[in-house]
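One-letter residues, chain by chain:
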Amino acid sequence: MTAADTAEYRIAHLRDRLASEDIAELGVRIEQRGTGVALYGTVSSPACRAEILRLAEEELAGLPLHADLVVVRSDAPEHPEELT
């Protein structure tokens, strides 16, 4: 088994964990880029982002990891929207 095959297997295992564990996060994209892995997408909270990163570091230990996970704001606006 080559290093690329191993990385693909580990990425697939991470996808399974993100979908099946308490986090149930399906909106995060995971791609192999060269020798590293990129995670990107939007998540619902800072806690969700932290949990995804923790799982990714567990599953992908030893691989360069780049994360671009954006937390969606779900709080109410501070002022009314003005329409002109």
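Up top is the structure.
Residues numbered from 1 in each chain as written. Predicted model: local features only at pLDDT ≥ 70, side-chain atom pairs only at ≥ 80, totals over all residues. Heavy atoms only, no water.

Caption draft 1: Summary view of the pairing of strand β3 (residues 65-71). Pairing between strand β2 (residues 36-43) and β3: seven bridges, direction parallel. In the strand pairing of β3, T42 is matched with V70. For the handedness criterion, the β-α-β arrangement of β2, helix α2 (residues 46-59) and β3 is classed as right-handed. (Pairing = 2+ DSSP bridges. Helix = DSSP H or I, 4+ residues; strand = E, 2+ residues; numbered from the N terminus. Right-handed = clockwise from strand over helix to strand, strands pointing away.)

Caption draft 2: Geometry of the pattern of salt bridges. Tallying each qualifying case throughout the model produces five salt bridges. Close ionic contact of R33 with E31 constitutes a salt bridge, the shortest N to O distance being 2.9 Å. Judged by relative accessible area, which is 30%, E31 ranks as partly exposed. When the shortest N-O distance is used, the salt bridge between R54 and E51 registers 2.6 Å. Placement of both R54 and E51 in helix α2 is noted, with a separation of three residues, approximately one turn of the helix. Look at R54 and you get partly exposed, because its relative accessible area is 35%. (Salt bridge = Lys/Arg side-chain N within 4 Å of Asp/Glu carboxyl O. Buried < 20%, exposed > 50% of the residue type's maximum accessible area, 1.4 Å probe, protein only.)

Caption draft 3: Representation of the sheet that holds strand β1 (residues 29-33) in the model. Judged by pairing direction, the sheet is mixed, and its three strands sit side by side in the order β1-β2-β3 without closing on themselves. Strands at the two margins of the open sheet, each flanked by one partner only, are β1 and β3. Shown here is a sheet whose adjacent strand axes are inclined to one another by a mean of 10°, direction ignored. Pairing of β1 with β2, which is carried by five bridges, proceeds in the antiparallel orientation. When the sheet's bridge partners are listed, I30 is paired in β2 with L39. (Axes fitted to C-alpha atoms, helices over the stretch in contact; angles between N-to-C directions.)

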